[in-house]
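Okay, here's what each chain looks like letter by letter:
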Amino acid sequence: MGNIVLSFVGNQDPFAATETEGSIISLLRFLLNQGTTIKKVVLLHTESTAQNARDTQEHMESESQLSGLVVELIPTSWELSKDPTDLWLAAQEAKRGLEWVQSQLEPGDRVDFNASSGTPAMKSAFSLLQAAGYASNSQIWQVRNPKEMKPGQDRVFPTNVLALRQEFDRKRIEQQIADYNYSGAWLELAASQLATDRLKGLLEYARCRKAFDFNGASDAIQSLSGVIDDRWAKEIAKLRSGHKPTVLAEAYFNAVLALHNRDYFTFFTRVFGIQENVLKYLLSELIPYPQSEQETDNFWNAVQQLNNGKVGECLQQEAQTNRAVKLQYYPNRTSQMLILGCYTPKYDDVLAQVKKIQNLCADRNQMVHEFKGISRMENPDEVLNQLRRILKGIVTVSLTDNPFDRLNAEIRSALAT
């Protein structure tokens, strides 16, 4: 393991001239005195500072402590030579130099930036590269002018831009959370230095819960009892139990997230699933709903007996003119709605709302089977209103209190600490 030192040679850096003027020389001596193994020294230079770079190299070769170091001189672009104060150009050339250095690194190696040499633009560029995450294993060094040093100050000292990097990371993670993109937030977190067990557990919980992986969500917070709000364990336990009203509410909240992100494909899929599962749930309150094809005969026999046979007669009569009505195998949506409508008028309001979103279900099927997508949607709030009307009287929680918003608040709290 060793270090590669990256520096930029400026017009005011005749390093070979005197010891006091040579910030790169002072940095190299300091690192060697600290026991650092320096594998290579890389000097970036413009056309106008090429001679200074060669002078520095010659000085190192003449000094016993530095003579064994390998020095690479890398010219920057003609554009930066023409305008070395341009921060954008400096950042581009600093990044190019860093990429070359990184191609030479081996596991455990570190990059040392000399941020006391060159133009103000290049000095800033080194710090910006580290803060932006381009050099994860690196250190920025400053070298003071000895004539301006105050008592107690070190000639060579590190500059810590970790706080700035963490602020960048935190902002990106917060945006992913705001978009309910928990997978993206988790990946951002893994690449940052902000990870804690609490934060990782909450993000994994949110990711799994959004994907309806309730077992995975439960596993993610098993070790966080007493550290996070116990509501998350209680809520996921109820979801894991398969309590249908709770799962239906979860599907609604999931649809809201999809709509927030303008993911209409997922939104339509959730709408279809809610409609389908509401009908199954209402039917299961009347008779056992078939869980396998072997149970379908028992299901239809039970249907024939509902209301002393009146439901069966209703279905038989409707089937004569409506080919969509099925009286065997798994009940389709049309048959499910007819069974409920023939059984009692108390389902009329729910069935009316279900019929209003039939076109959405048709759109969903077309998208799935014909690989057609959708990038915009009219009156999405009206669809949510219809879903709430369908779920009214079934779910036992408020559909205006989205648990993912509460979860986001706790994740942000964990991110801030």
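Computed from a predicted model, the values in this text were never measured in an experiment.

Colleague: Please explain the overall build of the chain as it appears in this structure.
Modeller: Secondary structure assignment for the chain yields 19 helices and six strands. Over its C-alpha trace the chain gives a radius of gyration of 34 Å, far above what one expects of a compact globule, namely 22 Å for 417 residues. The dimensions of the chain, computed from C-alpha atoms along their principal axes, are 105 × 45 × 35 Å. Put simply, the chain has 417 residues, and 45% of those count as buried. Counting contacts in the chain only where the partners sit at least 6 residues apart, residues at least 24 apart contribute 70% of the total. Surface summary for the chain: the accessible area is close to 21,500 Å², and the carbon and sulfur share equals 47%. Here the chain contributes 45 positive and 50 negative side-chain charges, whose respective centroids are spaced 6 Å apart.

Colleague: Can you walk me through the side chain of serine 77 in this structure?
Modeller: Within the secondary structure, serine 77 is located in the loop between strand 3 (71-75) and helix 3 (78-82). On the accessibility criterion, serine 77 (16% relative accessible area) is buried. Sequence-distant contacts of serine 77, defined by excluding residues within four places in its chain, comprise Glu93 and Arg96.

Colleague: Is there a simple way to think about the pattern of salt bridges in this case?
Modeller: Any two side chains of opposite charge can pair, given that their charged atoms come close. Throughout the structure, instances matching the rule amount to 20 salt bridges. Its salt-bridge partner being arginine 29, residue glutamate 63 comes within 2.8 Å of it at the nearest N-O pair. Here glutamate 63 is found in the loop between helix 2 (50-62) and strand 3, whereas its partner arginine 29 is found in helix 1 (residues 23-33), with 34 residues between them in sequence. Judged by its relative accessible area of 15%, glutamate 63 falls in the buried class. Judged by its relative accessible area of 17%, arginine 29 falls in the buried class. Between arginine 170 and glutamate 167 there is a salt bridge, with the nearest N and O atoms lying 3.4 Å from each other. With arginine 170 and glutamate 167 both in helix 6 (residues 162-178) and three residues apart, this pair spans about one turn of that helix. Three or more residues joined by partner-sharing salt bridges are found here, namely Arg209, Glu235, Glu250, Asp401 and Arg406.

Colleague: Any chance you could explain the confidence of the model for the chain here in plain terms?
Modeller: For residues with low pLDDT, the predicted coordinates do not support detailed interpretation. On average, residues of the chain carry a pLDDT of 87, and 93% of them reach 70 or more. The element-level mean pLDDT for the chain is lowest in helix 17 (residues 358-370), coming to 60, with helix 9 (residues 214-220) highest at 97. Ignoring residues within four places in sequence, the model shows residues 14-21, a span with pLDDT below 50, making 19 contacts including any to other chains.

Colleague: Would you mind showing me how to read the nonpolar core here?
Modeller: For soluble globular proteins, the rule of thumb is that nonpolar side chains tend to be buried together. Counting 73 residues, the largest nonpolar core has Phe267, Val278, Ile339 and Ile411 as its most contacted members. Once you skip the residues sitting within four places of it in the chain, isoleucine 339 turns out to touch Leu283, Phe299, Trp300, Val303, Leu306, Val311 and Leu315.

Colleague: Help me understand the sheet that holds strand 4 (residues 110-114) in this model?
Modeller: Strand pairing in a sheet is mediated by backbone hydrogen bonds. Such pairs are either parallel or antiparallel. Strand order across the open sheet formed by six strands is 3-2-1-4-5-6, with mixed pairing between neighbours. Edge strands, defined here as strands with exactly one partner in the open sheet, are strand 3 and strand 6 (156-159). Strand-to-strand twist of the sheet, defined as the mean angle between neighbouring strand axes without regard to direction, takes the value 25°. As judged from the four bridges shared by strand 4 and strand 5 (residues 138-143), these two strands associate in the parallel manner.

Colleague: Explain the packing of helix 11 (residues 244-260) against helix 18 (residues 380-391) here, please?
Modeller: To characterise two packed helices, one gives the angle between the axes of the helices and the distance between these axes. Running from N to C, helix 11 and helix 18 point in directions that differ by 175°, and their axes come no closer than 11 Å. Relative to helix 18, the element helix 11 lies roughly antiparallel. Contact residues: helix 11 offers Leu248, Tyr252, Val256 and Leu259, while helix 18 offers Pro380, Leu384, Leu387, Arg388 and Leu391. The residue inventory of the contact of helix 11 with helix 18, partitioned by class, reads eight nonpolar, no polar and one charged.

Colleague: Would you mind showing me how to read helix 6 here?
Modeller: Each full turn of the α-helix corresponds to 3.6 residues, which orients residues three or four apart in the same direction. For helix 6, spanning 17 residues, the distance from its first C-alpha to its last is 24 Å, which sits close to the expected 24 Å at 1.5 Å a residue. Within the span of helix 6, buried status applies to Arg165, Gln166, Asp169, Arg170, Ile173, Gln176 and Ile177. Each buried residue of helix 6 lies within a common arc of 135° when the element is viewed along its axis, so the set occupies one face. Each element contacted by the buried residues of helix 6 is listed here: helix 5 (120-131), helix 7 (182-190), helix 8 (197-210) and helix 19 (403-416). At the C-terminal side of helix 6, tyrosine 180 shows a positive phi close to 60°.

Colleague: Help me understand the packing of aromatic side chains in this model?
Modeller: Pairs of aromatic rings are described using the distance from one ring centre to the other and the angle between the two planes. Using the criterion set out here, one finds nine aromatic pairs in the structure. Through a chain of ring-to-ring contacts, the aromatic side chains of Tyr289, Phe299 and Trp300 assemble into a single cluster. A cation over a ring is seen here: arginine 144 above phenylalanine 157, with NZ or CZ 4.0 Å from the ring centre. When the ring centre of tryptophan 232 is taken as origin, the NZ or CZ atom of arginine 231, which lies over that ring, is 5.5 Å away.

Colleague: I would appreciate a short explanation of helix 1 in the present structure.
Modeller: By the criterion of burial, helix 1 is predominantly enclosed, with eight of the eleven residues buried. Positive phi appears at glycine 35, one or two residues downstream of helix 1, with a value of about 85°.

Colleague: In this structure, what is going on with the side chain of asparagine 3? I would like to understand it.
Modeller: Along the chain, the position of asparagine 3 falls in strand 1 (residues 3-9). For asparagine 3, a relative accessible area of 9% corresponds to the buried category. In this structure, asparagine 3 is in contact with Thr36, Thr37, Ile38, Lys39, Lys40, Arg110 and Asp112, ignoring residues within four places of it in sequence.

Rules of the game
- Residues numbered from 1 in each chain as written.
- Predicted model: local features only at pLDDT ≥ 70, side-chain atom pairs only at ≥ 80, totals over all residues.
- Heavy atoms only, no water.
- Helix = DSSP H or I, 4+ residues; strand = E, 2+ residues; numbered from the N terminus.
- Rg over C-alpha atoms; globule rule 2.2 N^0.38 Å.
- Buried < 20%, exposed > 50% of the residue type's maximum accessible area, 1.4 Å probe, protein only.
- Contact = heavy atoms within 4.5 Å.
- Areas by Shrake-Rupley, 256 points an atom, 1.4 Å probe, with all protein chains shown as cover.
- Lys, Arg positive; Asp, Glu negative; His and termini not counted.
- Charge placed at Lys NZ, Arg CZ, Asp CG, Glu CD.
- Salt bridge = Lys/Arg side-chain N within 4 Å of Asp/Glu carboxyl O.
- pLDDT = per-residue confidence, 0-100.
- Core = buried A, V, L, I, M, F, W, Y, C linked by side-chain atoms within 4.5 Å.
- Pairing = 2+ DSSP bridges.
- Axes fitted to C-alpha atoms, helices over the stretch in contact; angles between N-to-C directions.
- Parallel < 35°, antiparallel > 145°, perpendicular 65-115°, else oblique.
- Nonpolar A, V, L, I, M, F, W, Y, C, P; charged D, E, K, R; others polar.
- Expected span 1.5 Å × (residues − 1).
- Arc of directions from axis to C-beta.
- Phe/Tyr/Trp six-rings, centres within 6.5 Å; stacked < 30°, edge-to-face > 60°.
- Lys NZ or Arg CZ within 6 Å of the ring centre and 35° of its normal.

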